[in-house]
Amino acid sequence: MTLLLTNARIFDGMNEECAEGMSVLIDGSHIREVSEKEIRAADAQLIDVGGKTLMPGLIDLHTHAYTADVDLTQLEKVGTPYNALHAGRMLRHGLHCGFTTMRDIGGGDWSLAKALKDKIIEGPRFFYAGKILSMTGGHGDFRDMHDSEHEFGACSCSVVGTMSVIADGIDECIKAAREELRRGAHCIKIMGSGGVTSPLDPIWMNQYRDDEIRAIVRECEERRTYVSSHCHPASGVRRSVEAGVRVIEHGTLMDAETAAFVAGKGAYVVPTLAIIFALMEGGSAMGISPVVMDKLKVAHKSAIEGLDHMRSANVKLGLGTDLLGELYDQQCREFTLRREVFEPIEILRQATSMGAEILMHEGRLGCVKPDAFADLIVVDGDPLKDIGLLSQNGERLDLIIRDGEIIKNRL
């Protein structure tokens, strides 16, 4: 399909100044031309943007499509079909909110990617990390204290659940990383610290030894990809980055010194405010245990302060949401939460060009330029002045194009 978008005001993913009266020619899945002059394409479908803001599709870097319940211990009990159907619902919702790209950073797999590619389900461009690597007793080990073995009756080193695989020691970590990469993972995620939703590990706990992390990093470097590390405490962030981790997920308890260190190393952080605030408001009513709620309060208390430290240090930030179960429909809330710290232009860059950089797809995603993927949205209004326009579940989006295909068109 050939599309010609005319009379567009373009935010290109980087520059605060937007060119007006622009035309964009889309040929198949790619942008072929962007011009202030008239573009002639006799066979193209013509869409007059009407002077509204045309911008790159949004990128959510921290999602978990298969998490059908906020209580992660329930995922194995509800079963694969239920989790997969939730994934379809969640991914479609994200696309219609303008997220034309989503990275599943724990659980997503080649099968879900194929379902999207074959259009069995409707959803965004999909990157996935496969199963998260966790040490025994780490954030990816969801056994309770009375469970001596996993549900499957195997030793922990061989167990794979919906979201994670347990691996201990250099050899097991290497093997687990290689297996996920073999199955098409775009990157590898590890549990580098304690977390909120797991039952037994304190949020302040550093996880995996330095030599284990370095071994996983080395495997990813050989595949020309990267390691992403779940970390809340500053100590976990620092040791992960020192060991070669490229991306930190959350970074909630970041202090000023660690933020400066991360910035100096050129590493990235993907904060996730939406899940913290959503669980704080509704977690108890949804049956979240008191232990988890106590850990959540620690994250909630420091989340905004941590963002302030990262902004002051000029840490490179992406946008993520980390929403679980029925909370999936609060994805757009991330924009208004970040408004407490950032200007709209900063948030827009996080959700577009910086997201593309983290995905190692600069010039192909998160931009409006020739040869980039045709992943675009048109906003009714100016998001550079009012970021809240992107927080309304797609209501202020008049056009959504993913991979050159029109998903929504009100123009």
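Just above, that's the structure.
Engineer: Explain the packing of aromatic side chains to me, and be specific about the residues and the numbers.
Structural biologist: Per the counting criterion, the structure on display carries 2 aromatic pairs. Ring plane angle 25° and centroid distance 6.0 Å describe the contact between Phe 99 and Phe 335, whose orientation is recorded as stacked. Taken together, the positions of Phe 99 in strand S7 (residues 99–104) and Phe 335 in helix H10 (residues 333–338) put the pair 236 residues apart, joining distant regions of the chain. Per residue, the accessibility class of Phe 99 equals that of Phe 335, and both read buried. With a centroid separation of 6.1 Å and an interplanar angle of 25°, the aromatic rings of Phe 126 and Tyr 128 are classed as stacked. Both residues of the pair, Phe 126 and Tyr 128, count as buried. Sitting over the ring of Phe 373, Arg 125 keeps its end group 3.9 Å from the ring centre. When the ring centre of Phe 261 is taken as origin, the NZ or CZ atom of Arg 238, which lies over that ring, is 4.0 Å away.

Engineer: I'd like a description of the pairing of strand S13 (residues 247–253), backed by residues and values.
Structural biologist: For S13, a buried count of 7 out of 7 residues is recorded, marking the element as mostly surrounded by other parts of the structure. By the bridge criterion, 5 bridges tie strand S12 (residues 227–233) to S13 in an arrangement that is parallel. Within S13, the residue paired with Pro 233 across the bridge is Leu 253. Viewed along the sheet, the connection from S12 through helix H6 (residues 234–242) into S13 turns out right-handed. Pairing of S13 with strand S14 (residues 268–270), which is carried by 3 bridges, proceeds in the parallel orientation. Residue pairing for S14: Ile 248 is matched across the bridge by Val 269. Regarding the hand of the β-α-β motif, the stretch spanning S13, helix H7 (residues 256–265) and S14 is right-handed.

Rules behind the numbers
Residue numbering note: each chain is counted from 1, following its sequence as written. Only residues with pLDDT of at least 70 get local features here, since the model is predicted, and only at 80 or more are side-chain atom pairs given and counted; chain-wide, interface and lining totals rely on the full set of residues. By convention in this description, side-chain values take in all heavy atoms of the structure and omit both hydrogens and water. Centres within 6.5 Å make a pair out of two Phe, Tyr or Trp rings, where for Trp the six-membered ring is used; the pair is then stacked when the planes are under 30 degrees apart, edge-to-face when over 60, and tilted otherwise. By definition, any uninterrupted DSSP run of H or I lasting at least four residues is a helix, any uninterrupted run of E lasting at least two residues is a strand, and each is numbered from the N terminus. Here the term buried applies to any residue with accessible area under 20% of the maximum for its type, exposed to any over 50%, and partly exposed to those in between, with areas from a 1.4 Å probe on protein chains only. Both a distance and an angle decide whether a charge sits over a ring: NZ of Lys or CZ of Arg must be within 6 Å of the ring centre and within 35 degrees of the ring normal. Any two strands with at least two DSSP-identified bridges between them are counted as paired. The definition of a right-handed crossover adopted here requires that, viewed with the strands pointing away, the path from the first strand over the helix to the second runs clockwise.

Shape descriptors only; they carry no functional weight alone.
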